[in-house]
Amino acid sequence: MSISQENPCILNGKYACLLATSAARIWLITFSLLLLLVSSPLRAAEASDDAANRIVSGIISFTQWPGLKHPPQLCVLPSVSHLSLPQGREQGFSVVWLASEEALAEQPCDAVYFGAQSPQQQVALLEKASSRPMLSIAENNPECTIGASFCLIFHQDKTVFSVNLDSLTRSGVRVSPDVLLLSRKGSQ
């Protein structure tokens with residue numbers, strides 16, 4: 001084996017070897033940073049999903065529907081970004097992922113989770129679907145003055161919720177006062 005095959009830097013010169021080594025290190029650092037940048041939003045999304053799942057599950061567990069004889073059914077609209085509850089009955093209530101907004105009027109929903117719908121769209125959908133008491137929760141309603149009864153607010157480091165007492169009163173459901181106190185503490 002010749003010297004040039006054992007160590008290419010001897011043949012190409014000291015500066016060429018340093019350049020090749022530096023380029024390899026820069027590529028490795030760039031690739032590592034790229035992986036970090038790609039995985040950080042995924043971890044943040046998982047954290048907000050987990051927070052949304054906990055908040056929604058908690059609100060539903062502290063809600064009473066008049067005359068309801070079965071576990072409540074949560075209908076999730078397809079434009080959701082922060083909720084990842086599995087379809088079925090794993091958490092004391094059933095979850096149904098709807099294919100469209102129109103399906104809301106056809107389903108026997110006891111609660112609805114809005115995604116990208118504006119507060120005005122939330123009002124219109126609730127009017128179409130609310131022939132009975134219905135809890136409503138939204139992730140796209142930071143002011144929480146019209147539309148859903150509960151509004152999730154996503155900050156970079158935490159997720160909190162707010163209550164629209166007017167909408168909650170009209171919903172026909174009763175929510176534990178402890179939940180209302182938690183919403184005040186969380187938004188401060």
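In the block above lies the structure referred to throughout.
Residues numbered from 1 in each chain as written. Predicted model: local features only at pLDDT ≥ 70, side-chain atom pairs only at ≥ 80, totals over all residues. Heavy atoms only, no water.

### So, the layout of surface pockets
Of the voids in this model, the largest pocket is the one considered here, and its volume is about 270 Å³. Taken together, 16 residues line the largest pocket, and the ones lying closest to its centre are Leu 126, Gly 147, Ser 167, Arg 170 and Ser 171. Within the residue set of the lining of the largest pocket, elements represented by two or more residues are helix 4 (119-129) and helix 5 (165-171). With four residues, helix 5 is the largest single contributor of residues to the lining of the largest pocket. In terms of residue class, the lining of the largest pocket is built from four nonpolar, eight polar and four charged. (1 Å grid on protein atoms, 1.4 Å probe; cavity = no way out; pocket = protein on both sides within 12 Å on 5 of 7 lines; lining within 4 Å. Points joined across faces, edges and corners; volume = space filled by probe spheres on them. Helix = DSSP H or I, 4+ residues; strand = E, 2+ residues; numbered from the N terminus. Nonpolar A, V, L, I, M, F, W, Y, C, P; charged D, E, K, R; others polar.)

### Digging into the nonpolar core
Within the largest apolar cluster, 25 residues are counted, with the highest numbers of intra-cluster contacts made by Val 56, Leu 74, Leu 83, Tyr 113, Leu 135 and Phe 150. Contributing elements (two or more residues each) for this core: helix 3 (14-61), strand 2 (73-76), strand 4 (111-114), strand 5 (135-138), strand 6 (150-154) and strand 7 (159-163). The dominant element in this core, judged by the number of residues it contributes, is helix 3, at five residues. One finds Leu 104, Val 112, Phe 114 and Ala 148 within the second-largest nonpolar core, a separate group that totals 15 residues. (Core = buried A, V, L, I, M, F, W, Y, C linked by side-chain atoms within 4.5 Å. Buried < 20%, exposed > 50% of the residue type's maximum accessible area, 1.4 Å probe, protein only.)

### Quick notes on the side chain of Asn 164
Residue placement: Asn 164 occurs in the loop between strand 7 and helix 5. For Asn 164, a relative accessible area of 5% corresponds to the buried category. Within the structure, Asn 164 has its side chain in polar contact with the backbone oxygen of Thr 145 (distance 3.1 Å). A polar contact of 3.2 Å, which involves the side chain of Asn 164, links it to the backbone nitrogen of Asp 166. Setting aside chain neighbours within four positions, we find Asn 164 in contact with Cys 144, Thr 145, Ile 146, Gly 147, Ala 148 and Ser 149. (Polar contact = N/O pair within 3.5 Å; in protein donor to acceptor, adjacent residues only side chain to side chain. Contact = heavy atoms within 4.5 Å.)

### Side note on the pairing of strand 4
Neither face of strand 4 is left uncovered, since the one carrying Ala 111 and Tyr 113 and the one carrying Val 112 and Phe 114 both have all their residues buried. Where strand 2 lies against strand 4, three bridges are found, and the strand directions are parallel. Within strand 4, the residue paired with Leu 74 across the bridge is Ala 111. As judged from the four bridges shared by strand 4 and strand 5, these two strands associate in the parallel manner. (Pairing = 2+ DSSP bridges.)

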